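# Working through the structure, step by step
Given next are the chains, with one letter for each unit.
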Amino acid sequence: MIVTIEKTKAVKEALIEAKELAEEHQHYQLDIPHVWSALVQLNHFAYDFYESLQVDMNELVQLINEEVNKISVLSGTDLVYGEKQSPRLARLIKEAEKEADNLRDSFVTIEHFILALCEQ
């Protein structure tokens, strides 16, 4: 059984930024594209990582933005946007925690999220 592992400050900040993006787009659920959009900001680890692999970052950011824009918009007076996680984001977070556990790390890091995304 995997116990929830504490997340690093960078992961927590990325999740907050992702939630803000979901709110901005009026998305009911927080999903992987929101998180990835937050992670691939300039001067963030994931951005530098993908750039070091010679990934065209403009193309990657555009692809992520297209995925964000595909998410259904909900509107209403009593809706709270970005509060719930999509099932696939919940799986990604569990996979990241599993990666951290397998590596015997004390915290879930951005690196664990990248590894977990590769698994999906």
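Read on for an overview of the structure. Worth saying up front: this structure is predicted, and the values here are computed from it rather than measured.

## Topic: the overall build of the protein chain
If you tally the helices and strands in the protein chain, you get 6 helices and 2 strands. The order of α-helices and β-strands along the protein chain, N terminus first, is α-β-α-α-α-β-α-α. Relative to its length of 120 residues, the protein chain is compact, with a C-alpha radius of gyration of 14 Å against a globular reference of 14 Å. Overall, the C-alpha framework of the protein chain stretches about 45 × 35 × 25 Å when taken along its three principal axes.

## Here's the deal with the layout of surface pockets
Volume-wise, the largest pocket comes out at about 170 Å³. Lining the largest pocket are Ile32, Pro33, Trp36, Leu60, Leu63, Ile64, Glu67, Arg88 and Leu117. Contributions of two or more residues to the lining of the largest pocket are made by helix H2 (32–39) and helix H4 (57–70). In terms of residues, the lining of the largest pocket owes the most to one element, H4, which gives 4 residues. Its residues assigned to classes, the lining of the largest pocket comprises 7 nonpolar, no polar and 2 charged.

## Considerations on the packing of aromatic side chains
Counted according to the given criterion, the structure contains 2 aromatic pairs. Residues phenylalanine 45 and phenylalanine 49 carry aromatic rings whose centres are separated by 6.1 Å and whose planes lie at 20° to one another, so their mutual orientation is stacked. With a gap of 4 residues between them, phenylalanine 45 and phenylalanine 49 both fall in helix H3 (residues 45–52), about one helical turn apart. With a relative accessible area of 37%, phenylalanine 45 lands in the partly exposed category. Pairing phenylalanine 49 with tyrosine 50 gives two aromatic rings, centres 5.4 Å apart and planes at 65°, and the pair type is edge-to-face. Looking at phenylalanine 49, the relative accessible area reads 29%, which means it is partly exposed. In this structure an aromatic cluster arises from ring pairing among Phe45, Phe49 and Tyr50.

## Quick look at helix H5 (residues 87–102)
In this model, H5 (16 residues) spans 22 Å end to end at C-alpha, consistent with the 22 Å of a helix rising 1.5 Å per residue. Turning to H5, its buried residues are Leu89, Leu92, Ile93, Ala96, Glu97, Glu99 and Ala100. In an axial view of H5, the angular spread of the buried residues amounts to 155°, which keeps them on one side of the axis. Pointing more than 90 degrees away from the buried face of H5 are the exposed residues Pro87, Lys94 and Asn102. Immediately beyond the C-terminal end of H5, within one or two residues, lies arginine 104, with a positive phi of roughly 60°.

## Notes on the packing of H3 against helix H6 (residues 110–119)
Following both chains from N to C, one finds H3 and H6 inclined at 55°, their axes separated by 10 Å at the closest point. Looking at the two axes, H3 sits oblique to H6. Crossing hand, H3 versus H6: right-handed. Residues Phe45, Ala46, Phe49 and Tyr50 of H3 lie in contact with H6, whose contacting residues are Ile110, Glu111, Ile114 and Leu117. In the contact of H3 with H6, the residues fall into 7 nonpolar, no polar and 1 charged.

Here is what the cut-offs are and how they apply
Residues numbered from 1 in each chain as written. Predicted model: local features only at pLDDT ≥ 70, side-chain atom pairs only at ≥ 80, totals over all residues. Heavy atoms only, no water. Helix = DSSP H or I, 4+ residues; strand = E, 2+ residues; numbered from the N terminus. Rg over C-alpha atoms; globule rule 2.2 N^0.38 Å. 1 Å grid on protein atoms, 1.4 Å probe; cavity = no way out; pocket = protein on both sides within 12 Å on 5 of 7 lines; lining within 4 Å. Points joined across faces, edges and corners; volume = space filled by probe spheres on them. Nonpolar A, V, L, I, M, F, W, Y, C, P; charged D, E, K, R; others polar. Phe/Tyr/Trp six-rings, centres within 6.5 Å; stacked < 30°, edge-to-face > 60°. Buried < 20%, exposed > 50% of the residue type's maximum accessible area, 1.4 Å probe, protein only. Expected span 1.5 Å × (residues − 1). Arc of directions from axis to C-beta. Axes fitted to C-alpha atoms, helices over the stretch in contact; angles between N-to-C directions. Parallel < 35°, antiparallel > 145°, perpendicular 65-115°, else oblique. Left-handed = near helix turned anticlockwise from the far one by under 90°. Contact = heavy atoms within 4.5 Å.

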